[in-house]
Amino acid sequence: MADIPEDILRRSAEARAKAEGRPVEEVLAEMTGEAPAASSPAEPAPAETEPAPAPAPPETAPAAPPVASGNGGIDVAALSVETGVPEAILLRATRARAKHDGLPDPTIATPAGGGTAVATAPPPTTTAPAPAPAVPEGVRTQRLLTVVKAGAIQQVKREPTDKVSVWPHLLAIEFVALLVILVVLTAVSIFVDAPLLEFANFNEQPNPSKAPWYFLGLQELLAYFDPMVAGVFIPTFGLIALMFIPYVDRNPSIRPSDRKLAIMIFTFFIVAAAILTIFGSFFRGPGFNFVFPWRDGIFFDDLLTILD
Amino acid sequence: MAEGNGNGGITGLLNDLSEQFRSSQVWTSIFRPGSPFRGGYSDTPRNRSYVVMNNVMYHLHPVKVKRHGVRLSYTLCLGGLSFFLFVVLTITGIFLMFYYRPTSPQAYIDIQALATDVAFGQFVRNMHRWGAHLMVLTVFLHMTRVFYHGAYKPPREFNWVVGVILLLLTLLLSFSGYLLPWDQLALWAFTVGSTMGSYAPVFGDSVSFALIGGVQISADTLLRWYVLHVLFLPFIIVLFMSVHFWRVRKDGGVSGPL
Ligand code: HEM
């Protein structure tokens, strides 16, 4: 068995022991292999692991150079039987190698064993002593282009990590979260009506007129800056800066203690946005002038129906 | 689960019946092997995997996740809740579309009629409106939780970027819906919001013209933002959400532990 971290093994053993009502040590011993496992291993689930790697393919011809026997040529047919590689491929590989090395075609001497395999090879231009038997109408032949060993493209062995089944552990939590938010939303919707004022009137601007709450931070900025700055540059720049965070913050650690500066900067902006939004929502009255909500009343349309 | 071996009692009988029903061809053609709704389900590791793997669920979740990832206190389910709220908003929104015409003054009259003429009309409208506010909140909180976990670090940089686009789209969806009741609140909140765009340097006037579909807010503006709200923006946000969820999995699931 792969070496599983101690704590995971321990947790698993405890859970099993609890379920089966046996002492933990006994289960642990069994799991660490000191006693043969009586029941199934921890989680023999057909989990989403990579499929077991195909057995390493036999060494193919290009990897194992055919022994070019001086003048005699190569017995491709025999080699094919020996290595299990289709004859046509061996033939092609051998020729290609010879061509590359500038040698005469070593397969010429060989009677190209008129097997069906040859049919898949393109007719050799120089020699072709045996015309390939025609492929029957409607039969597709396949070419093996290359064999890549499994290890080169797949990560065969996975680090054991401490994982739990999505069902029931995650799905149950999600379901409960979903119910909770649905209940909250339903309750609010029963007791609080969405606001609806008079019919839209272009000639009569309410005072104050405020944007939706999530834009009130920006509207608040309008009180301090030129509209082009507050209304265009700051939001645009803010969004772009937000997108660039991962590319600017090159610190690889995710431990909060290693990220003090990043956390400080981000927190600063979040708190600033929150303050501006709260300010714009509750501390601005007619003419967008400063008011104390407890003295002058709240001018916050989104919560109109709650405040009344 | 259902062991009912007909030990006489009415419960045994019911169990037998239910087991038979849940093993019927119709039922088993609906619920694939491993589903807990199928007859003969047993709680084995293999079946736990099948519940996800043999199911439409597999589009959203892997079979297993890191243990800390299911701790409620890690993600607070904020991403999931944002998505759920989006689903609720879609459903309630479709309901509202049955009763709403994006013209002036009909839009306002239709919204008024929801409260008086339509069964559950006001309730569904409330859900749609409060749900929208709530979604802005959950998406924002989701972003802050992702930041504090450093979950935007490689290989998740791009998913953070997708997230920022989702935040923008969420705000736009909410804002575009704001105009639709066509009352004083809608008109003037929207005016404040859209005049901000007109301050853009050089293009200011064109931006403003495009946003309100003319030189002045009018019924044309209403139609424009209605189409954006019910068609264009939801379509785009679904595309980006798909990429977002896909990347969460391909980047190795939820990040951490800290
Ligand atoms: C419509 C809005 C959004 C939806 C529905 C959504 C949904 C989700 C879900 C379901 C997850 C899985 C983990 C979790 O629940 O926390 C997730 C993860 C993530 N989200 Fe979002 N998200 C949204 C907006 C955002 C925003 C605004 C950002 C950041 C700017 C963001 C960045 C990320 C990142 C980086 C992850 C990976 C977190 C990790 O690996 O721990 N998302 N999102």
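Residues numbered from 1 in each chain as written. Chains lettered and ligands numbered in written order. Predicted model: local features only at pLDDT ≥ 70, side-chain atom pairs only at ≥ 80, totals over all residues. Heavy atoms only, no water.

### Digging into the overall build of chain A
Here is step 1: In terms of regular secondary structure, chain A is built from eleven helices and one strand.
Here is step 2: Secondary structure elements in chain A, listed N-terminal to C-terminal, are α-α-α-α-α-β-α-α-α-α-α-α.
Here is step 3: By residue count, 28% of the 308 residues in chain A fall in the buried class.
Here is step 4: Long-range contacts, defined here as pairs at least 24 residues apart, represent 50% of the contacts in chain A between residues at least 6 apart.
Here is step 5: A total of about 19,600 Å² of accessible surface is found on chain A, and carbon and sulfur atoms cover 65% of it. (Helix = DSSP H or I, 4+ residues; strand = E, 2+ residues; numbered from the N terminus. Buried < 20%, exposed > 50% of the residue type's maximum accessible area, 1.4 Å probe, protein only. Contact = heavy atoms within 4.5 Å. Areas by Shrake-Rupley, 256 points an atom, 1.4 Å probe, with all protein chains shown as cover.)

### What about helix α7 (residues 121-148) of chain B?
All names here are of chain B.
Here is step 1: For α7, spanning 28 residues, the distance from its first C-alpha to its last is 40 Å, which sits close to the expected 40 Å at 1.5 Å a residue.
Here is step 2: Burial within α7 is extensive, with 22 of its 28 residues counted as buried.
Here is step 3: Just beyond α7, the residue with positive phi is Gly 150, at close to 60°. (Expected span 1.5 Å × (residues − 1).)

### So, the pattern of salt bridges
Here is step 1: Counting across every chain of the model gives 13 salt bridges over all chains.
Here is step 2: The partner of Arg 295 of chain A in a salt bridge is Asp 296 of chain A, and the shortest N-O contact between them spans 3.1 Å.
Here is step 3: Owing to a relative accessible area of 31%, Asp 296 of chain A belongs among the partly exposed residues under this scheme.
Here is step 4: One salt bridge in this structure joins Arg 48 of chain B and Asp 43 of chain B, with 2.9 Å as the shortest N-O distance.
Here is step 5: The class of Arg 48 of chain B is buried, set by a relative accessible area of 19%.
Here is step 6: Here the salt bridges do not stand alone but share partners, grouping Arg 16, Glu 20, Arg 22, Glu 26 and Glu 30 of chain A into one network. (Salt bridge = Lys/Arg side-chain N within 4 Å of Asp/Glu carboxyl O.)

### Section: the interface of chain A and chain B
Here is step 1: Taken together, the 78 residues of chain A in the interface contact 83 residues of chain B.
Here is step 2: A salt bridge links Asp 249 of chain A to Lys 153 of chain B; its shortest N-O distance comes to 3.3 Å.
Here is step 3: Scanning the region where chain A abuts chain B turns up 32 residue pairs in polar contact (both at pLDDT 80 or more).
Here is step 4: Considering only residue class, the side of chain A that touches chain B consists of 51 nonpolar, 13 polar and 14 charged.
Here is step 5: As paired strands, strand β1 (residues 163-165) of chain A and strand β1 (residues 64-66) of chain B are joined by three bridges and run antiparallel to one another. Within β1 of chain B, the residue paired with Ser 165 of chain A across the bridge is Lys 64 of chain B. (Polar contact = N/O pair within 3.5 Å; in protein donor to acceptor, adjacent residues only side chain to side chain. Nonpolar A, V, L, I, M, F, W, Y, C, P; charged D, E, K, R; others polar. Pairing = 2+ DSSP bridges.)

### Observations concerning the site of the ligand
Residue and element names in this part refer to chain B.
Here is step 1: Taken together, 27 residues lie near the ligand, and His 142, Arg 145, Gly 163, His 244 and Ser 255 sit nearest.
Here is step 2: Separating an oxygen atom of the ligand from a side-chain N or O atom of Arg 145 is a distance of 2.8 Å.
Here is step 3: At the level of elements, α5 (78-97), α7, α8 (157-178) and α11 (219-250) are the ones that each hand at least two residues to the shell around the ligand.
Here is step 4: Top contributing element to the shell around the ligand by residue count: α8, with seven residues.
Here is step 5: Partitioning the shell around the ligand into residue classes produces 14 nonpolar, eleven polar and two charged. (Near = heavy atom within 4 Å.)

### What to know about the packing of aromatic side chains
Residues and elements named next belong to chain A.
Here is step 1: Within the structure shown, the criterion is met by 30 aromatic pairs over all chains.
Here is step 2: Geometrically, the ring pair formed by Phe 283 and Trp 294 is edge-to-face, given 6.0 Å between the ring centres and 85° between the ring planes. Of this pair, Phe 283 sits in the loop between α9 (260-282) and α10 (293-296) while Trp 294 sits in helix α10, and the two are eleven residues apart along the sequence.
Here is step 3: Residue classification places Phe 283 among the buried positions, given a relative accessible area of 17%.
Here is step 4: Among the residues examined, Trp 294 registers a relative accessible area of 64% and is labelled exposed. (Phe/Tyr/Trp six-rings, centres within 6.5 Å; stacked < 30°, edge-to-face > 60°.)

### Brief notes about the packing of α5 of chain B against α11 of chain B
Residue and element names in this part refer to chain B.
Here is step 1: Their axes nearest at 12 Å, the elements α5 and α11 cross at an angle of 155°. In this view, α5 runs roughly antiparallel relative to α11, as classed from their interaxial angle. Our pair here, α5 against α11, has a crossing hand that is left-handed. Contacts from Phe 83, Phe 86 and Met 97 in α5 reach Tyr 226, Val 230, Pro 234, Ile 237, Val 238, Met 241 and Phe 245 in α11.
Here is step 2: By residue class, the composition of the contact of α5 with α11 is ten nonpolar, no polar and no charged. (Axes fitted to C-alpha atoms, helices over the stretch in contact; angles between N-to-C directions. Parallel < 35°, antiparallel > 145°, perpendicular 65-115°, else oblique. Left-handed = near helix turned anticlockwise from the far one by under 90°.)

### Notes on the environment of Leu 167 of chain B
Here is step 1: Considering the arrangement of structural elements, one finds Leu 167 of chain B in helix α8.
Here is step 2: Between the alpha carbons of Leu 167 of chain B and Gly 204 of chain B there is a distance of 24 Å; along the sequence they are 37 residues apart.
Here is step 3: Residue contacts for Leu 167 of chain B: discarding those within four places in its chain leaves Leu 242 of chain A together with Val 139 and Met 143 of chain B.

It is worth stressing that arrangement in space is one thing and function is another; only the former is reported here.
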